[in-house]
Structure formats: C-alpha cells, structure tokens
Amino acid sequence: MQTADSTVITARDPLPNAMQTLSRILVLAIPFAFGALITSALNLGKVALLARAPDTGALHILSLQQPSFILALAMMEALAITAQVFSARSRNNWPRRGTLRAVHRLSLTGIMLFGTVAAAGYAVAQTVPVSDPEISTILTYFPLFILSLVLYVVFDIYYGALRGQGKVMLGLLPFIGLVAIDLGATYLLVAEFGWGFEAVLVGNLAGPALMLPIIAWLLRREMRGGAEDSPDAPFRIRMRQLQIGVGIPVFSSIMVGFISAAVVFPLLAKYGEENASAFFVLLRYRIAFMIPAIAIGSAIAILVNQMAEEGQGRQRLRYLCIGVPTMLFGYGVATFFLPQWSAPLDLLVPSQSADLRAATDAMFAKLLITFFLVSAAVMLQVILEQLGRGVHVLVIIFLVESATCAGVVWAATQGAGMTLILDILIGAAALSLALFAVQFLILLRKTGSEHAL
C-alpha cells in the first residue's frame, strides 16, 4: 500500500521523466495556442474587413453587439468545455463511445438554448418601447445575430470533444477551413455586393455549415473501435455532474467578468480619452499574452483528466507538480523581458500618435506586473474549472470582481487619480492569483490523498 509521501515529486526523480512530462504538455498546448490565434484572426479579420467598407455602419452594429457576443461566448464555452472534459475522461476511464452521445446531447442543448435566447430577444424588441437609438439597434439585430451562431456552437462542441481526446491539431484543420470560409464569404458580400451587417450573419453561418460534417466525421472516426456506450443511468449522472461542476461555472465566470468590465470601462473613460484608449490597447495586448497560459492550462487539465483512472495518480501529480510551476516560472521570465520587445506596442500604437503612445507607455510600465498575475491566474483558473473545482472558481471570481468594481467606483467618486485606479486593478489581480493558488494547493492535496488510497 502506498503512503501519502509516495505521491510527492522529489528531486531524485529522473530528469527524463520530468522532461517527458513537460514535453507532453507543450505538444498538446501548442495546438491550443494556435487555435486561439486562429480565433483572434477571425474576430480581427472581420473588424478589418468592415473597417475598410465604404459604409462603416456594419462595423458600428458589430461593436454594439459585443454584449451579445459575450453572452453567446459564455454559452458556447460552457457547452464546449463540458464536451472536452467528458471526452478527456472517456479516453481511458469511461466508455469512449459515450463521447458521441454526450456531443449529441450537448449539441441539442445548444440549439435549443440559442433558439430560446433569440426568441426572448425578439419578444423584447417587439414589446418593450425603447427610445435610445443604440439600444434599439442592439435589440433589432440581437435575434438574428444569436441565431447566426447556432451552427458555430455545434461545431465548437465537436471541436471540444476532439480536444478532449488529445487530437487538437486534427480539430484545427476544419477550424482553419471554417475561418477561411467565414472571412471569404464576408469579404465577398461586403466588397463585391455592398452588403452591410448581413454579411457578418451569413459568414457566421457559412463557415460551420460547410465544416461541421467534416469535424463530425473526424470525431466519429476517433470513436471507432471504442468501448460500448455506457448504460443510461451512469451516463446521465456524469453529464449532470459535469454540467453543474464545469459548464455552469464556466458560463457564470465569463458573465461575471463581462459585468465587471461594463462597470470599469465607462469609469476609466472619465480620466481622459488617452488614458481610456491606452488601457484598452494594453488590455488587448495582455489578452494576446495570455493565450499560451490558457493553452497550457487546458493541456494540463486534459492530460490529468485522461489519467483519472485508478493507478495513474502519480502521473496526474506529475503534470500538476512539474507542469504548473515550470510554466509559471516561464511566464515570469517572459514578463520580465517583455518591455525589451517594443514591436507589439509599435504595431498597436504608432509613434505618430504621440499623446496616446505616451499614455500607453506610462500605463504599460505601471501594469506590467499584471501581465504575469493575470496570465498565471487564468492558467490556474482553467485547470481548476476542468478538474472539478469550478464552483470555487466562480465564487472567487465573483468576490474579486465585486471588490474591484466597488474599489474603482469608490475611487472615482472620491476624485482619486488614475494611479489609485491602477493600484486597485493590480491589487485585484494579485488577490485573484493568491486565491486560485490556494485552491490549486487544495487540489494537489486531494489528488495526492486519492492516490494514497
């Protein structure tokens, strides 16, 4: 019988094992990061296309639909991550063919959910009188915008299931095709036919409509030869547990962050156009910097879930005890050297915009530490959400975001300067990382105890 001490990764463990562990994480994480970059290319590509159209009204409508996009993203991620975790645990522990059943169930849920939200939006637009023209525009296009993403959510669920099987690069092939078709259709309708926002809606539908059969075939091929499907009762229990423990917290976490941003951004705008714009630029820069952290966290979570069956406790601990500290150290080094690489800021803010560049440089120097704090916190958040501690993550995010909003509102009402606002944001990032780190240590202890038993 093993003791609790046997679960500890010690310095006497052979170096090749540690290197092999890191290699497996990176092999899985790199395609994840590549997929995130493709998603960014899709979103930024549409903005670039609409910005170059003779009439920029479509771009204005797309910007007004940002809250709608966040809502759709929250629903998509909740369903896709649930499919990813179910698939990862089915690779070695649960019957593999149950993954197809879970994907079908989640796809049907997504279609019904998006249809219900679109219908509710249409009912509000038809019955609630609105005098504000911008809100009226949002409500007018909301139902069609949500419906245009119905096939995309189904595609994302299949893609999540392939990621859970460790076939990230295989899933990227139809995803790249989706992006190319989406942008191509949007460009053709805007440039050649003079369409407006309707081109965005058609692009949203065209990409997944043509690529969905391909990714569905790829997943079925992966499930071929797998164990028979599990009985109905255990399947329902597993689905319910994952939807409650993973899906709902992922959805809620995104929505809480969105509400916080909706409070903070308008207040920052009161401190001058340059400061507000500089903060927006740095936020976009930080999101790009976070992509590897999200990819690494997802890779570690998938590998740990794949090793969930009895007898793999030591390997699970290796991914957590070796992978996480090593990646955190790497992010710390990258953050330290980040000011030496000015190319991203040169691309985002040209030197001709002297005032904006000066504000951006000053704010970057102040917020540099948050590039590490937020990236590290997000990596731990992704791991915790997919390893059964999603409810704890949601509670932490709610408390931290509420405290951040309260602090920023208090500082603004007291007439405090921008320095205090930034100090509050830095403190919130540090608090978030500290709380997630505590949860991660609890997860390690729980995993070690399970292995000891």
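Because the structure is a prediction, the values reported are computed rather than measured.

A. Focus on the overall build of the protein chain. When helices and strands are counted, the protein chain shows 15 helices and 0 strands. Taking all 453 residues of the protein chain together, the buried fraction comes to 50%. For the protein chain, contacts bridging at least 24 residues in sequence account for 85% of all contacts bridging at least 6. Of the roughly 21100 Å² that the protein chain leaves accessible, carbon and sulfur atoms contribute 67%.

B. Here's a closer look at empty space enclosed by the protein. Counted according to the given criterion, the structure contains 1 cavity of 30 Å³ or more. Computed from the structure, the largest cavity encloses a volume of approximately 40 Å³. Around the largest cavity, the lining residues are Phe 279, Leu 282, Leu 283, Arg 286, Leu 367, Thr 370 and Phe 371. Of all the secondary structure elements, the ones that give two or more residues to the lining of the largest cavity are helix H10 (273-306) and helix H13 (354-386). A total of 4 residues in the lining of the largest cavity trace back to one element, the largest contributor, which is H10. Of the residues assigned to the lining of the largest cavity, the class counts are 5 nonpolar, 1 polar and 1 charged.

C. Seen up close, the nonpolar core. Residues Phe 114, Phe 175 and Ile 300 are the most contacted members of the largest nonpolar core, which totals 131 residues. For this core, the element with the highest residue contribution is H13, accounting for 16 residues. Not counting the four nearest positions on each side in its chain, Phe 114 is found in contact with Ala 72, Met 75, Met 76, Ile 146, Leu 147, Leu 149, Val 150 and Val 153.

D. Representation of the packing of helix H4 (residues 98-127) against helix H6 (residues 150-164) in the model. Between H4 and H6, the least distance of the axes is 9 Å, while the angle of their chain directions is 155°. Classified by the angle between their axes, H4 and H6 sit roughly antiparallel to one another. Two packed elements cross with a definite hand, and for H4 against H6 that hand is right-handed. Between H4 and H6, the residues in contact are Thr 99, Val 103, His 104, Leu 106, Ser 107, Gly 110, Ile 111 and Phe 114 and Val 150, Val 153, Val 154, Ile 157, Tyr 158 and Ala 161, respectively. Residue classes in the contact of H4 with H6 are distributed as 10 nonpolar, 4 polar and no charged.

E. Summary view of the environment of Arg 357. Tracing the sequence through the fold places Arg 357 in helix H13. Overall, the relative accessible area of 14% leaves Arg 357 in the buried class. Along the backbone, Arg 357 and Leu 345 are 12 residues apart, and their C-alpha atoms lie at a distance of 8.5 Å.

F. Quick peek at the side chain of Asp 182. Considering the arrangement of structural elements, one finds Asp 182 in helix H7 (residues 168-192). Judged by its relative accessible area of 2%, Asp 182 falls in the buried class. Other than its neighbours up to four places away in sequence, Asp 182 contacts Leu 42, Lys 46, Gly 203, Asn 204 and Gly 207.

G. Layout of H13. The end-to-end C-alpha separation of H13 is 44 Å, in line with the 48 Å expected for 33 residues at 1.5 Å each. Along its length, H13 shows its largest kink, about 50°, at Lys 366. Count one or two residues on from H13 and you reach Gly 388, which has phi positive near 90°.

H. Focus on H4. Its 30 residues give H4 an end-to-end C-alpha distance of 43 Å, which sits within 8% of 44 Å, the value for a rise of 1.5 Å per residue. Taken together, the buried positions of H4 are occupied by Gly 98, Thr 99, Leu 100, Ala 102, Val 103, Leu 106, Ser 107, Gly 110, Phe 114, Val 117, Ala 118 and Gly 121.

I. The packing of aromatic side chains, seen in detail. For the structure shown, the criterion picks out 9 aromatic pairs. Measuring from centroid to centroid gives 5.5 Å for Phe 364 and Phe 371, while their planes differ by 80°, and the two rings are edge-to-face. For the pair formed by Phe 364 and Phe 371, the shared burial category is buried. Every member of this aromatic cluster is reached through a ring pair, and the members are Phe 289, Tyr 331, Phe 364 and Phe 371. Positioned above the aromatic ring of Tyr 159, the side-chain terminus of Arg 163 is 4.8 Å from the ring centre.

J. View of the pattern of salt bridges. All told, the structure shown has 1 salt bridge when counted by the stated rule. With a shortest N-O distance of 2.8 Å, Asp 423 and Lys 366 are connected by a salt bridge. With Asp 423 in helix H15 (residues 418-452) and Lys 366 in helix H13, this residue pair connects regions lying 57 residues apart in the sequence. For Asp 423, a relative accessible area of 34% gives the class partly exposed.

K. Spatial organisation of the packing of H6 against H7. Two elements in contact, H6 and H7, have axes separated by 8 Å at closest approach and are oriented at 160°. Relative to H7, the element H6 is oriented roughly antiparallel. Crossing of H6 against H7: the hand is left-handed. Contacts between H6 and H7 involve Tyr 152, Phe 155, Tyr 159, Leu 162 and Arg 163 from the former and Val 168, Leu 170, Gly 171, Leu 172, Pro 174, Phe 175 and Leu 178 from the latter.

Conventions used here
- Residues numbered from 1 in each chain as written.
- Predicted model: local features only at pLDDT ≥ 70, side-chain atom pairs only at ≥ 80, totals over all residues.
- Heavy atoms only, no water.
- Helix = DSSP H or I, 4+ residues; strand = E, 2+ residues; numbered from the N terminus.
- Buried < 20%, exposed > 50% of the residue type's maximum accessible area, 1.4 Å probe, protein only.
- Contact = heavy atoms within 4.5 Å.
- Areas by Shrake-Rupley, 256 points an atom, 1.4 Å probe, with all protein chains shown as cover.
- 1 Å grid on protein atoms, 1.4 Å probe; cavity = no way out; pocket = protein on both sides within 12 Å on 5 of 7 lines; lining within 4 Å.
- Points joined across faces, edges and corners; volume = space filled by probe spheres on them.
- Nonpolar A, V, L, I, M, F, W, Y, C, P; charged D, E, K, R; others polar.
- Core = buried A, V, L, I, M, F, W, Y, C linked by side-chain atoms within 4.5 Å.
- Axes fitted to C-alpha atoms, helices over the stretch in contact; angles between N-to-C directions.
- Parallel < 35°, antiparallel > 145°, perpendicular 65-115°, else oblique.
- Left-handed = near helix turned anticlockwise from the far one by under 90°.
- Expected span 1.5 Å × (residues − 1).
- Bend = angle between axes of the 7 residues up to and from the residue.
- Phe/Tyr/Trp six-rings, centres within 6.5 Å; stacked < 30°, edge-to-face > 60°.
- Lys NZ or Arg CZ within 6 Å of the ring centre and 35° of its normal.
- Salt bridge = Lys/Arg side-chain N within 4 Å of Asp/Glu carboxyl O.

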